[in-house]
Amino acid sequence: MSQTEKRLILGDREIVLVGTAHISQESVEEAKQVIITEHPDCVAIELDDQRLASLKNPDSWKQLDIVKVLKDGKGFLMLANLVLSSFQKRLGADVGVKPGDEMKAAIACAEENGIPTAMVDRPIQTTLRRAWAKNSFWGKCKLLGVLVSSAFETEEVSAEEIENLKNSSEMDSMMNEMAEYLPAVKQVLIDERDQYLASGIWNAAGKKVVAILGAGHLPGVERHLNAYAAATESSDVSEINVIPPAGIGAKVAGLIFPVAIIALLVAGFFTSGAGTSLNMLIQWLLWNGSLAALGTLLAAGHPLAILTGFVGAPIATINPVIGVGLFTGIVQATFVKPKIKDMESLNDDVTSVKGFYRNRILRTLLVFFLSSIGGMIGNFIAVPNLIASLH
């Protein structure tokens, strides 16, 4: 048995954990070989039903309605999902493997041998929403920074380096770095999913189960499975399968800018008169609107989307439930309508900067993202300036 496999005897059950690198040809072959050799009662796969459907139907993007995505408040989630997928796809390009190929191979092998499969991962939307919700404001900023840098990362990774990702020392080092830089993200992406995956594997049918999962999850999943077998831990994961409601801190943070701006304008009126208050209002409108418009411009947005960014940013600030990116994104998608070819090339275009600007779907998401960031920066600059205007 290789170092990327763990055989657990838990009472009258046998569970074989197979750790993979998601863009490794060696992992593709290993997943198939273990299933054939072990011939288990069930094969557990590190996928959820939505990702399984995407793997089986790579053309599902053709039914995408980008306006609906934005209206449903899923713009950031979709962008994050695409960036993460593109990062994996770029890493696998040089070794001729697509992300998830080992999972597809395991499913196909199980089906060929008449073995049932179980998708045991948590829905990706739940994971991303929990990662976002559990982060502090500073954590959210760092997370956005990581996503942006990943989107434009051009460093090539060799096949040997990819295989090394399965080694415990390499994986431990990566996990320690993530825990130090983004502890809340590490908790959601790794620790919670270790627990969720272990629960799915534990509840899979049969006395003998083979589980195909990322190598980074092996230690955590093994620990939870042993705890389930010893009855020192419950396999109920309902608590980590929900989106946590916004805390008081998050709700207060959403009101800080509108309350601060209105308070400063009122203070300007009572301390220095209507003229000062009007000048402060214009100053805020210019900072907030101009930087939202600039973000839209940097995304090569339609002129009307740029104008919408300028006009819509102050409205979005006063009503924090609505982001300026919703306004700019919908206008962009309306006047620069995505075409069928944009749907067809989405997965390829997401791997390059040029692709983001060429593809109308990706450019709409870029307009959404950069206008939102621009408006936020505008508020950060405007508030100190308004305070200075009172003196």
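Residues numbered from 1 in each chain as written. Predicted model: local features only at pLDDT ≥ 70, side-chain atom pairs only at ≥ 80, totals over all residues. Heavy atoms only, no water.

## Some words on the overall build of the protein
- Looking only at helices and strands, the protein features 19 helices and five strands.
- When each of the 391 residues of the protein is scored for burial, the buried share is 44%.
- Residue pairs at least 24 apart in sequence account for 78% of intrachain contacts in the protein once pairs closer than 6 positions are excluded.
- When the accessible surface of the protein is summed, it comes to about 18900 Å², and 61% of that surface belongs to carbon and sulfur atoms. (Helix = DSSP H or I, 4+ residues; strand = E, 2+ residues; numbered from the N terminus. Buried < 20%, exposed > 50% of the residue type's maximum accessible area, 1.4 Å probe, protein only. Contact = heavy atoms within 4.5 Å. Areas by Shrake-Rupley, 256 points an atom, 1.4 Å probe, with all protein chains shown as cover.)

## Focus on the sheet that holds strand 1 (residues 5–10)
- Taken in spatial order, the five strands line up as 1-2-5-3-4 in an open sheet, and their pairing is mixed. At either margin of the open sheet sits one strand with a lone partner, and together these are strand 1 and strand 4 (117–119). Neighbour-to-neighbour, the strand axes of the sheet open up by a mean angle of 20°, direction not taken into account.
- Where strand 1 lies against strand 2 (residues 13–20), six bridges are found, and the strand directions are antiparallel. Looking at the pairing, Glu5 lines up with Val18 of strand 2.
- Taken strand by strand, helix 1 (residues 25–38) contacts strand 1, strand 2, strand 3 (42–45) and strand 5 (208–214), and its axis lies near 165° from that of strand 2.
- Across the sheet, helix 10 (residues 183–202) touches strand 1, strand 2, strand 3 and strand 5, and the angle it forms with strand 2 is around 140°. (Pairing = 2+ DSSP bridges. Axes fitted to C-alpha atoms, helices over the stretch in contact; angles between N-to-C directions.)

## Let's talk about the pairing of strand 5
- When you tally the buried positions in strand 5, you get seven out of seven residues, the bulk of the element.
- Here strand 2 pairs with strand 5 via seven bridges, running parallel. Paired with Glu14 across the bridge in strand 5 is Lys208.

## Concerning the pattern of salt bridges
- Applying the stated criterion across every chain, the model contains 14 salt bridges.
- Residue Arg7 pairs with Glu38 through a salt bridge whose shortest N-O separation is 2.6 Å. In this pair, Arg7 sits in strand 1 while Glu38 sits in helix 1, placing the two residues 31 residues apart along the sequence.
- Among the residues examined, Glu38 registers a relative accessible area of 13% and is labelled buried.
- Connected via shared salt-bridge partners are Glu46, Asp48, Arg51, Asp121 and Arg193. (Salt bridge = Lys/Arg side-chain N within 4 Å of Asp/Glu carboxyl O.)

## Here we look at the packing of helix 1 against helix 5 (residues 101–112)
- Running from N to C, helix 1 and helix 5 point in directions that differ by 25°, and their axes come no closer than 8 Å. Between helix 1 and helix 5, the crossing angle belongs to the class labelled roughly parallel. Crossing of helix 1 over helix 5 shows right-handed handedness. Residues Ser27, Val28, Ala31, Lys32, Ile35 and Ile36 of helix 1 touch helix 5, and the partners they reach there are Asp101, Glu102, Ala105, Ala106, Cys109 and Ala110. (Parallel < 35°, antiparallel > 145°, perpendicular 65-115°, else oblique. Left-handed = near helix turned anticlockwise from the far one by under 90°.)

## Here's the deal with the packing of helix 10 against helix 11 (residues 218–229)
- Between helix 10 and helix 11, the least distance of the axes is 8 Å, while the angle of their chain directions is 50°. Considering their axes alone, helix 10 and helix 11 lie oblique with respect to each other. Of the two possible hands of crossing, helix 10 and helix 11 adopt the one that is right-handed. Residues Asp191, Asp194, Gln195, Leu197, Ala198, Ser199, Ile201 and Trp202 of helix 10 touch helix 11, and the partners they reach there are Gly220, Val221, His224, Leu225, Tyr228 and Ala229.
- Its residues placed into classes, the contact of helix 10 with helix 11 shows eight nonpolar, four polar and two charged. (Nonpolar A, V, L, I, M, F, W, Y, C, P; charged D, E, K, R; others polar.)

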